[in-house]
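Coordinates in review
Below are the chains, spelled out letter by letter.
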Amino acid sequence: MLSLWKVSKTSGVFEHTKNSLLEFFSVCKSFGGVKAVDGCTFSVGNNTITSLIGPNGAGKTTIFNIISGLTKPDYGKIKLLDSEITGLPAYKIAQAGISRTFQLTKVFRNMTIRDNLLIAKKASDGEMKSALARVHLHKPLDMAAGELSYGQQRLLEIARAVLREHKLLALDEPTAGVNPQIRQELKAILRGLKEKGNTVLLIEHDMEFVMNISDEVIVLNEGRVLKRGKPQDIVKDKEVLEAYLGK
Amino acid sequence: MIHEFFIQDFTWFFIYLIIVLSFNLAFGFTGMVNLGHMVSVGIGAYTSALLTLNGVPWYIALLAAGIIACVIGTIIAAITVRLKGDYFQIVTLGLIFIAIAVSRNWISLTRGALGLPGVPDIIRSNFYYMLFTMVLSLMALWFVYWLTNSETGKIFQAIRDDETATAILGKNTYFYKVLSLAISTFLAGIAGGLMVHQINFVDPSIFDLEQFIIILFMLIVGGLASIKGSILGVFLLFALIDLLRFLVVRPELIGPVRQMALLLILLLVLIYRPKGIFGKVDI
Ligand SMILES: Nc1ncnc2c1ncn2[C@@H]1O[C@H](COP(=O)(O)OP(=O)(O)OP(=O)(O)O)[C@@H](O)[C@H]1O
Ligand SMILES: [Mg+2]
């Protein structure tokens, strides 16, 4: 932990005082002519809820894909605790402790809920049921995941990501397509996870949600970090309002 | 005493059951549409034929049929498995044409279009050979059932449903895809060996697309990712062929009528019941 702190300090980029769990340093990624991520540097503090916000096409999902190893960056470094994970295959990064969900939900449609969770962790039925109960998904374990509604599939995907042993939980728009009541529940779930020592990185369009639960907000625009700070400072920031709300 | 006709029929049933189960493992359970499945069967047939014709005991030859098909299958899998979707299918389809070209032109080994006649029997009695194929196909059945219900088998199915999601849950999907094809081609090679000792002959026509359509029919009609489905699919095809043999009086019509009937049924199933009879997944 101490050495970590030194890393961030010597790099001279990070001002925050908390130890960082994930560091994203000078990362670039282009698709053809589109600079999806254009020299991004930020870190995610250990045991925080950090939100990544920004307009459509800002590069948020691309950053998640780079973190989880699905997209190789053109340039830059990514560190999880004190080990570099840049360029590792996705399954190794997952094994190193990153658990994520997708903007477009990816459950195993033809498999049962039980088998969906089993791929994440060899858990007992009891453990699975409590993982589902935590996201308020009360469905039999033998039900095919493809028979769940879109919102329920999203909850299953979240439960699956949470069930895995992980250091960082990265959620790409967890509230999209989920009803307002469950949206409130999700807040409680994320807070509960944080209390248990989890670290959450969140992409979210629902500002009320973001401002309510984030310790730290990183604002992206056109592949660059525009601002980072406490939610209460971000909402007041003129530059952010201009970029994000297009005002 | 069971009629000779049924003995032959059941022997083929058991051999095809192994072929379709192994096809299902890669296609239905792992989502890899390996259009070159019959290539592995053919490699097994040629291997066991060549070895026994050169005096190697049948049990070594039969095992070698599985191993050679598996080694070649694994090498090809290791190269092609990274290809996405359609490209994998195109390459595996191409394997059929490579296999035809090699078996026709490598005359010093395969005698080309003349084929390899006089492949010795494993067991002289047809009845006991049927029992032998039955035992092996029951072993394959049990193995595929056990495998698809194991953790490894669940990972295969997860890859079929969503490979990216499987990878981000910490599974090396490349390894599991190659593993699935390695097992599938091993079983196909054994089935090829059993086939060649049944007809005592092999020639390049084993790679013909027609052969492939037969196993595709069995798999699709029975249903993907269903073991019950594979058993039923193989059974229905043989029932259909026997039925046509009784119904069609003019022998020169049997071939064309059979082909048309197979394709028609395949089409009807694809239109009205795309999951097949016992299928669990969409194609
Ligand atoms: N695989 C890809 N191929 C080509 N362009 C891509 C690819 N992935 C992303 N992009 C482009 O990169 C840019 C950033 O996309 P990204 O999906 O990261 O945005 P986002 O911030 O997640 O947006 P949204 O809020 O709409 O989800 C966009 O212009 C997008 O079109
Ligand atoms: Mg996105």
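Residues numbered from 1 in each chain as written. Chains lettered and ligands numbered in written order. Predicted model: local features only at pLDDT ≥ 70, side-chain atom pairs only at ≥ 80, totals over all residues. Heavy atoms only, no water.

Some remarks on the side chain of Glu-216 of chain A
Using the following cut-off: Only DSSP runs of H or I with at least four residues qualify as helices, and only runs of E with at least two residues qualify as strands; both kinds are numbered from the N terminus onward. Whether two residues are in contact is decided by their heavy atoms: any pair within 4.5 Å suffices.
Inspection of the secondary structure assignment puts Glu-216 of chain A in strand S9 (residues 216-221). Contacts of Glu-216 of chain A, omitting those with residues within four sequence positions, involve Ile-49, Thr-50, Ser-51, Arg-228, Gly-229 and Pro-231 of chain A.

As for the site of ligand 1
All names here are of chain A. To keep it simple, the criterion reads: Residue proximity to a molecule or strand is established when one non-hydrogen atom of the residue lies within 4 Å of it. Two N or O atoms count as a polar contact when they lie within 3.5 Å, although within protein this holds only if one can serve as hydrogen donor and the other as acceptor, and sequence-adjacent residues are included solely when both atoms are side-chain atoms. Residue exposure ignores everything except the shown protein chains as possible cover, and the areas themselves are Shrake-Rupley values with a 1.4 Å probe. Under the convention adopted here, Pro, Cys and the residues Ala, Val, Leu, Ile, Met, Phe, Trp and Tyr are nonpolar, Asp, Glu, Lys and Arg are charged, and Gly plus all remaining residues are polar.
Close to ligand 1 lie 14 residues; Asn-56, Lys-60, Thr-61, Thr-62 and Gln-103 are nearest. Residue His-205 places a side-chain N or O atom 3.0 Å away from an oxygen atom belonging to ligand 1. A total of 630 Å² of accessible area belongs to ligand 1 in isolation, and the protein chains cover 61% of it. No other element matches helix H2 (residues 60-67), which puts three residues into the shell around ligand 1. A class-by-class count of the residues in the shell around ligand 1 yields five nonpolar, seven polar and two charged.

Concerning the sheet that holds strand S8 (residues 199-203) of chain A
Residues and elements named next belong to chain A. To keep it simple, the criterion reads: If DSSP finds at least two bridges between two strands, the strands pair. Each axis is a line fitted through C-alpha atoms, and for a helix only the stretch in contact is used; angles between axes span 0 to 180 degrees, taken between their N-to-C directions.
Spatial ordering of the open sheet is given by S6-S7-S8-S3-S9-S10, a layout of six strands whose pairing is mixed. Two strands bound the open sheet, and with one partner strand each, they are strand S6 (98-100) and strand S10 (224-229). Direction aside, neighbouring strands of the sheet carry axes that sit 20 degrees apart on average. Here four bridges tie strand S3 (residues 49-53) to S9, and the two strands are oriented parallel to one another. Residue pairing across strands places Ile-53 opposite Val-219, the latter belonging to S9. Contacting S3, S6, strand S7 (168-172), S8 and S9, H2 crosses the sheet at an angle of about 140 degrees to S8. Its contacts with the sheet place helix H7 (residues 180-195) against S3, S7 and S8, and it is angled at close to 135 degrees to S3.

Topic: the packing of helix H7 (residues 151-161) of chain B against helix H9 (residues 173-199) of chain B
A packed helix pair is summarised by two numbers, namely the angle formed by the two axes and the spacing between the axes. All names here are of chain B. The cut-off we apply is this: Note on terminology: angles under 35 degrees are roughly parallel, angles over 145 are roughly antiparallel, angles of 65 to 115 are roughly perpendicular, and the others are oblique.
Their axes nearest at 10 Å, the elements H7 and H9 cross at an angle of 105 degrees. Overall, the two elements H7 and H9 adopt an arrangement that is roughly perpendicular. Between H7 and H9, the contacting residues are Thr-152, Ile-155, Phe-156 and Ile-159 on the first element and Thr-173, Tyr-176, Lys-177, Leu-179 and Ser-180 on the second. When grouped by side-chain class, the residues that make up the contact of H7 with H9 number five nonpolar, three polar and one charged.

Structural notes on the confidence of the model for chain A
All names here are of chain A. Applicable threshold: Across the chain, each position has a pLDDT score giving the predictor's confidence in that residue, from 0 to 100.
In this model, chain A carries a mean pLDDT of 88, and residues with pLDDT of at least 70 account for 91%. The spread of mean pLDDT over the elements of chain A runs between helix H1 (residues 2-11), the lowest at 38, and helix H4 (residues 113-120), the highest at 97. Within the model, the stretch residues 1-17 combines pLDDT values under 50 with 22 contacts to residues more than four positions away or in other chains.

A short note on helix H6 (residues 150-163) of chain A
Threshold: By this rule the span expected of a helix is its residue count minus one, scaled by 1.5 Å. Accessibility here uses a 1.4 Å probe with only protein chains present; expressed as a share of the type maximum, an area under 20% marks a residue as buried, one over 50% as exposed, and anything in between as partly exposed.
Taking 1.5 Å as the rise per residue, H6 of chain A with 14 residues should run 20 Å; its terminal C-alpha atoms sit 20 Å apart, in good agreement. Counting buried positions along H6 of chain A gives twelve out of 14 residues, so the element sits mostly inside the fold. Among the residues of H6 of chain A, those classed as buried are Gly-151, Gln-153, Arg-154, Leu-155, Leu-156, Glu-157, Ile-158, Ala-159, Arg-160, Ala-161, Val-162 and Leu-163 of chain A. Of the surrounding secondary structure, the elements contacted by the buried residues of H6 of chain A are S6, H4, helix H5 (125-134), S7 and H7 of chain A together with helix H8 (163-167) of chain B.

As for the coordination of the magnesium ion (ligand 2)
Residue and element names in this part refer to chain A. Under the convention used in this document: As a rule, N, O and S atoms within 2.8 Å of a metal are its donors, except that Na, K and Ca use 3.2 Å; water is not among the atoms, so sites may look incomplete.
The magnesium ion (ligand 2) binds to the protein through Thr-61 (OG1) and Gln-103 (OE1), with metal-donor distances spanning 1.9 to 2.1 Å. Note that Thr-61 is positioned in helix H2 and Gln-103 in the loop between S6 and H4, a separation of 42 residues in sequence. According to the relative accessible area criterion, Thr-61 is partly exposed, its value standing at 25%. By relative accessible area, which is 32% here, Gln-103 ends up partly exposed.

Regarding the interface of chain B and chain A
In plain terms, the rule: Two parts placed together each lose some accessible area; with a 1.4 Å probe, that loss summed over both constitutes the buried area. Salt bridges, as used here, are contacts in which a Lys or Arg side-chain nitrogen is within 4 Å of a carboxyl oxygen on Asp or Glu.
The interface of chain B with chain A comprises 20 residues on the first partner and 22 residues on the second. Between chain B and chain A, roughly 1800 Å² of surface is buried when both sides are summed, and carbon and sulfur atoms account for 64% of that area. In this structure, the connection of chain B to chain A is made through three salt bridges. For Glu-151 of chain B, the salt bridge is made with Lys-122 of chain A, and the minimal N-O distance between the two is 3.4 Å.

Overview of the nonpolar core
What counts here: The nonpolar core is taken to be a set of buried Ala, Val, Leu, Ile, Met, Phe, Trp, Tyr and Cys residues, with the residues joined through side-chain atoms within 4.5 Å. As used throughout, domain bounds are those supplied by an automatic or database domain assignment.
Counting 92 residues, the largest nonpolar core has Tyr-16, Ile-19 and Leu-194 of chain B as its most contacted members. Top element by residues in this core is helix H1 (residues 4-29) of chain B. It accounts for 15 residues. The residues that make up this core include at least three from each of domain 1 (2-207) and domain 2 (209-283) of chain B. With residues near it in sequence (within four places) discarded, Leu-194 of chain B still touches Ile-15, Ile-18, Leu-62, Tyr-129, Phe-132, Thr-133 and Leu-136 of chain B. Residues Ala-159, Val-162, Leu-186 and Phe-209 of chain A belong to the second largest nonpolar core, which totals 33 residues.

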